[in-house]
Amino acid sequence: MDKLCHFQTGSNHIVMGIINRWVALRHKGVKVEMVWVRAHAGIQGNSTVDWLAKKATQLGEPLEVKIPYSDVIGTYKQKAIANWQKIYLSGEHGKFYKSVNSTVGRKPWFASRATDKKTCSTICRLRTGDGLCKKYLFRIGVENSANCPTCGVEESLEHLIMECSRYRSTRCIFFNKLSTEKGKNAVQARKKLTDVYGEGVLTVRQCQNWFAKFRSGNFDVEDAPRSGRPVEADKDAIKALVDANRRITTREIGERTHPGSFGTSAGPPATTTS
């Protein structure tokens, strides 16, 4: 009924055929009234039509009928999105971005947001990891090392924002503003962060704990020291080992810097530095 009331010339040949017949009957003086009938409601005439239509699919002769574009475009779009999703997830590139956006969509993430171009560009760089950090610049051949000159570890955007001691004071200002902004709570602040870094980067509980720390004047987001025997790490020695062998494992680093500390018992597989 909606198609009949808001038809466009040439949009659907079936709808146009119905309208042409309706007009022809009116010219002959036949009064035609179109009424929407609820399906599967026990209405005798409608139930009979449904039964005859089903019988026609089983016993009737096949007809070559042109399918309207509007009836198939939705199916094609769904299949295209499904194929795109498979290609997107099977690709080797953009693993970090996939951890943020695991599904493809018909519109970009910023389509429904009132975001200026500069902000949009900044968020896109944060999502892809292609910002002006040592890790990215080293990958494109601009820098000779991917390590942070202050901390001695790989300088990713996440490291710069969340960990690097060089920006501790700036980070404190940022988190203080985030936690004291009027009307904002931990859940809303977490949403801002996960919109950029993805759902798995921060839990609600962790963000709530941060808020409690920030409001008490503690802006350190690093883990507090744990109980047990402390292990002092020589950052220069670790850096030298990693620079000499980019595929060295964390267990091998531990055994070389602290001989005998790891014992000989079997444990979980060691991770490899990248």
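Residues numbered from 1 in each chain as written. Predicted model: local features only at pLDDT ≥ 70, side-chain atom pairs only at ≥ 80, totals over all residues. Heavy atoms only, no water.

For this particular structure, what's the right way to read the overall build of the protein?
Summing up its helical and strand segments, the protein has 13 helices and 0 strands in all. Along the chain direction, N to C, the helices and strands of the protein fall in the order α-α-α-α-α-α-α-α-α-α-α-α-α. Of all 274 residues assigned to the protein, the portion counted as buried reaches 20%. On the protein, roughly 21,100 Å² of surface is accessible, and the fraction owed to carbon and sulfur atoms is 56%. (Helix = DSSP H or I, 4+ residues; strand = E, 2+ residues; numbered from the N terminus. Buried < 20%, exposed > 50% of the residue type's maximum accessible area, 1.4 Å probe, protein only. Areas by Shrake-Rupley, 256 points an atom, 1.4 Å probe, with all protein chains shown as cover.)

What should I look at first to understand the nonpolar core in this one?
Core analysis: the biggest nonpolar cluster contains 9 residues, these being M162, F175, A186, A189, L193, L202, C207, W210 and F211. Elements represented by at least two residues in this core include exactly α10 (186–197) and α11 (204–215). One finds L126, C133, C148 and C164 within the second-largest nonpolar core, a separate group that totals 7 residues. (Core = buried A, V, L, I, M, F, W, Y, C linked by side-chain atoms within 4.5 Å.)

Please explain a nonpolar patch on the surface as it appears in this structure.
On the surface, a cluster of nonpolar side chains totalling about 220 Å² of accessible area is made up of I14, I18 and M34. For M34, the location among the structural elements is in the loop between α2 (13–27) and α3 (44–59). Its relative accessible area of 31% is what places M34 among the partly exposed residues. (Patch = residues over 30% accessible without salt bridge, like charges linked within 9 Å, V, L, I, M, F, W, Y side chains within 5 Å. Salt bridge = Lys/Arg side-chain N within 4 Å of Asp/Glu carboxyl O.)

For this particular structure, what's the right way to read the pattern of salt bridges?
Pairing between side chains of opposite charge can happen when their charged atoms approach one another. Going through the model one piece at a time under the given rule, you end up with 4 salt bridges. Put simply, K135 and E154 hold a salt bridge, and the shortest N to O gap is 3.9 Å. You can see K135 sitting in helix α7 (residues 134–139) and its partner E154 sitting in the loop between α7 and α8 (157–162), a full 19 residues away along the chain. Judged by its relative accessible area of 38%, K135 is partly exposed. Classification of E154 by relative accessible area gives partly exposed; the value is 29%.

Would you mind going over the side chain of S156 with me for this structure?
The topology assignment puts S156 in the loop between α7 and α8. Note on S156: relative accessible area 18%, which makes it buried. The residues contacting S156, other than those within four sequence positions of it, are C133 and K135. (Contact = heavy atoms within 4.5 Å.)

Looking at this model, I keep getting lost on the state of the cysteines. Mind explaining?
What we call a disulfide is simply a covalent bond connecting the sulfur atoms of a pair of cysteines. Evaluated as defined, the whole model comprises 0 disulfides. C151 takes part in no disulfide bond, and the closest cysteine sulfur to it belongs to C164, at a distance of 3.9 Å. Residue classification places C164 among the buried residues on the basis of a relative accessible area of 0%. (Disulfide = S-S within 2.5 Å.)

Can you help me understand the environment of W210 in this one?
Note that W210 resides in helix α11. The class of W210 is buried, set by a relative accessible area of 8%. Once the C-alpha coordinates of W210 and F175 are considered, the two residues, 35 residues apart in sequence, prove to be 8.8 Å apart.

Is there a simple way to explain the packing of helix α12 (residues 235–244) against helix α13 (residues 250–257) in this structure?
Interaxial distance between α12 and α13 falls to 11 Å at its minimum, and their mutual angle equals 130°. The orientation of α12 relative to α13 falls into the category oblique. In this structure, α12 crosses over α13, and the sense of that crossing is right-handed. Side by side, α12 and α13 meet where A237, I238, L241 and V242 of the first sit next to I253, R256 and T257 of the second. (Axes fitted to C-alpha atoms, helices over the stretch in contact; angles between N-to-C directions. Parallel < 35°, antiparallel > 145°, perpendicular 65-115°, else oblique. Left-handed = near helix turned anticlockwise from the far one by under 90°.)

Help me understand the confidence of the model for the protein, please; the structure alone is not making it clear to me.
Where the model shows low pLDDT, its predicted coordinates should not be examined in detail. Considering every residue of the protein, the mean pLDDT works out to 77; 79% of them sit at 70 or more. Per-residue pLDDT, averaged within each element of the protein, yields its smallest value for helix α1 (residues 2–5) (69) and its largest for α7 (88). Note on residues 264–274: pLDDT is under 50 here. Beyond four places in sequence and across chains, it has 18 contacts. (pLDDT = per-residue confidence, 0-100.)

Please explain the side chain of K134 as it appears in this structure.
With respect to the helices, strands and loops of the structure, K134 is situated in helix α7. Dropping the residues within four chain positions of it, K134 is found in contact with E143, S145, A146, N147, P149 and E155.

Whenever I open this one, the environment of V242 confuses me. Can you help?
Relative to the helices and strands, V242 is located in helix α12. For V242, a relative accessible area of 13% gives the class buried. As for V242 and I253, which are separated by 11 residues in sequence, their C-alpha atoms are 8.3 Å apart.

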